[in-house]
Amino acid sequence: SQTIHQWPATLVQPVGSPLSLECTVEGTSNPNLYWYRQAAGRGLQLLFYSVGIGQISSEVPQNLSASRPQDRQFILSSKKLLLSDSGFYLCAWNLMAAGGEKLFFGSGTQLSVL
Amino acid sequence: GEDVEQSLFLSVREGDSSVINCTYTDSSSTYLYWYKQEPGAGLQLLTYIFSNMDMKQDQRLTVLLNKKDKHLSLRIADTQTGDSAIYFCAERDPGNTPLVFGKGTRLSVIA
């Protein structure tokens with residue numbers, strides 16, 4: 001069966017420090033991978049998605065970047081965090097099957113930038 | 001671009017039915033989804049409906065789709081305290097593009 005792992009679960013970082021959040025998927029190959037951010041009162045914002053190794057689409061201009069060095073690994077990074085980067089970050093992968101696309105989410109990383 | 005709108009809050013009494021509404025703008029949507037997010041956790045797919053259907057029932061959940069009005073609703077029968085969560089509506093168009101999510105409706109169930 002497929003599983004998605006996301007870590008760390010919580011992170012407190014000072015402004016100006018770097019960031020690296022990692023997400024890995026097991027039990028599937030060539031998934032579409034996604035990074036979302038959920039900020040209070042702003043719903044779910046798509047940050048990046050990837051349809052293959054080295055292929056990254058950015059949905060919003062920002063202080064963050066994403067990389068996909070391996071088929072089932074998706075990394076969210078920043079060189080210098082801003083206060084506005086605080087939020088709940090969710091990784092997801094999709095499964096295309098009869099009956100449509102299904103999106104499966106990791107358990108999230110709560111990032112507080114102080 | 002596509003847009004999905006939901007009311008932000010809903011409060012119901014335990015045992016009553018909950019109805020969460022969603023409107024969307026993309027008339028070419030192929031699938032529409034309801035996701036549930038419990039506190040501090042990721043989203044879980046609850047149910048979905050194909051755009052050529054107008055109703056889907058799954059135990060306590062009933063999804064109604066009015067394609068003409070681009071209106072989707074999720075009815076939860078006999079709402080329980082464990083149903084308290086944020087419910088996200090999402091839609092997908094025919095291309096290989098990411099789902100578009102609404103901002104989520106926070107359902108509070110009062111015992």
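Calculation rules
- Residues numbered from 1 in each chain as written.
- Chains lettered and ligands numbered in written order.
- Predicted model: local features only at pLDDT ≥ 70, side-chain atom pairs only at ≥ 80, totals over all residues.
- Heavy atoms only, no water.
- Helix = DSSP H or I, 4+ residues; strand = E, 2+ residues; numbered from the N terminus.
- Rg over C-alpha atoms; globule rule 2.2 N^0.38 Å.
- Buried < 20%, exposed > 50% of the residue type's maximum accessible area, 1.4 Å probe, protein only.
- Areas by Shrake-Rupley, 256 points an atom, 1.4 Å probe, with all protein chains shown as cover.
- Lys, Arg positive; Asp, Glu negative; His and termini not counted.
- Charge placed at Lys NZ, Arg CZ, Asp CG, Glu CD.
- Contact = heavy atoms within 4.5 Å.
- Pairing = 2+ DSSP bridges.
- Axes fitted to C-alpha atoms, helices over the stretch in contact; angles between N-to-C directions.
- Phe/Tyr/Trp six-rings, centres within 6.5 Å; stacked < 30°, edge-to-face > 60°.

Caption draft 1: The arrangement of the overall build of chain A in detail. Secondary structure assignment for chain A yields zero helices and 11 strands. Ordered by position from N to C terminus, the α and β elements of chain A give β-β-β-β-β-β-β-β-β-β-β. In terms of overall dimensions, chain A is globule-like: its C-alpha atoms have a radius of gyration of 14 Å, near the 13 Å expected for 114 residues. Taking the principal axes of its C-alpha atoms as reference, chain A extends roughly 45 × 30 × 25 Å. Every one of the 114 residues in chain A was classed for burial, and the buried ones make up 47%. For chain A, the computed accessible surface area is about 5,300 Å², with 54% contributed by carbon and sulfur atoms. Once the 7 positive and 6 negative side-chain charges of chain A are each reduced to a mean point, those two points are 6 Å apart.

Caption draft 2: The overall build of chain B, seen in detail. When its secondary structure is counted, chain B shows zero helices and 11 strands. For 111 residues, the compact-globule formula gives about 13 Å, and the C-alpha radius of gyration of chain B, at 13 Å, lands near that figure. Dimensions of chain B, computed from the C-alpha atoms along their principal axes, are close to 45 × 30 × 20 Å. Looking at chain B as a whole, 46% of its 111 residues qualify as buried. Long-range contacts, defined as pairs at least 24 residues apart, comprise 56% of the intrachain contacts of chain B with a sequence gap of at least 6. Of the accessible surface of chain B, which amounts to about 5,400 Å², a share of 48% is contributed by carbon and sulfur atoms.

Caption draft 3: Here's a closer look at the sheet that holds strand β1 (residues 3–7) of chain A. Residues and elements named next belong to chain A. Read from one edge to the other, the open sheet built from four strands follows the order β1-β3-β8-β7, with strand pairing classed as antiparallel. Each having just a single partner strand, β1 and β7 (65–70) make up the two edges of the open sheet. Shown here is a sheet whose adjacent strand axes are inclined to one another by a mean of 20°, direction ignored. As paired strands, strand β3 (residues 19–26) and strand β8 (residues 73–78) are joined by six bridges and run antiparallel to one another. The residue of β8 that forms the bridge with Leu 21 is Leu 76.

Caption draft 4: Representation of the environment of B:Ser73 in the model. Residues and elements named next belong to chain B. With respect to the helices, strands and loops of the structure, Ser 73 is situated in strand β8 (residues 71–76). When its relative accessible area of 7% is taken as the criterion, Ser 73 is described as buried. C-alpha of Ser 73 to C-alpha of Trp 34: the two residues are 39 residues apart in sequence and 9.1 Å apart in space. What Ser 73 contacts, discounting residues up to four positions off in sequence, is Val 19, Ile 20, Asn 21, Trp 34, Thr 62, Val 63 and Leu 64.

Caption draft 5: Structural context of the packing of aromatic side chains. With the rule as written, the count across this model stands at 15 aromatic pairs over all chains. Seen from their ring centres, A:Trp93 and A:Phe104 are 5.1 Å apart, and the 25° between their planes marks the pair as stacked. With A:Trp93 in strand β9 (residues 87–97) and A:Phe104 in strand β10 (residues 100–105), this residue pair connects regions lying 11 residues apart in the sequence. Residue classification places A:Trp93 among the buried positions, given a relative accessible area of 2%. On the accessibility criterion, A:Phe104 (33% relative accessible area) is partly exposed. Their ring planes at 35° and their centres at 6.1 Å tell us that B:Tyr33 and B:Tyr48 sit as a pair that is tilted. You can see B:Tyr33 sitting in strand β4 (residues 31–37) and its partner B:Tyr48 sitting in strand β5 (residues 43–50), a full 15 residues away along the chain. With respect to burial, B:Tyr33 and B:Tyr48 carry one shared label: buried. One aromatic cluster in this structure is built from A:Tyr34, A:Tyr36, A:Tyr49, A:Phe105, B:Tyr31, B:Tyr33, B:Tyr35, B:Tyr48, B:Phe50, B:Phe88 and B:Phe101.

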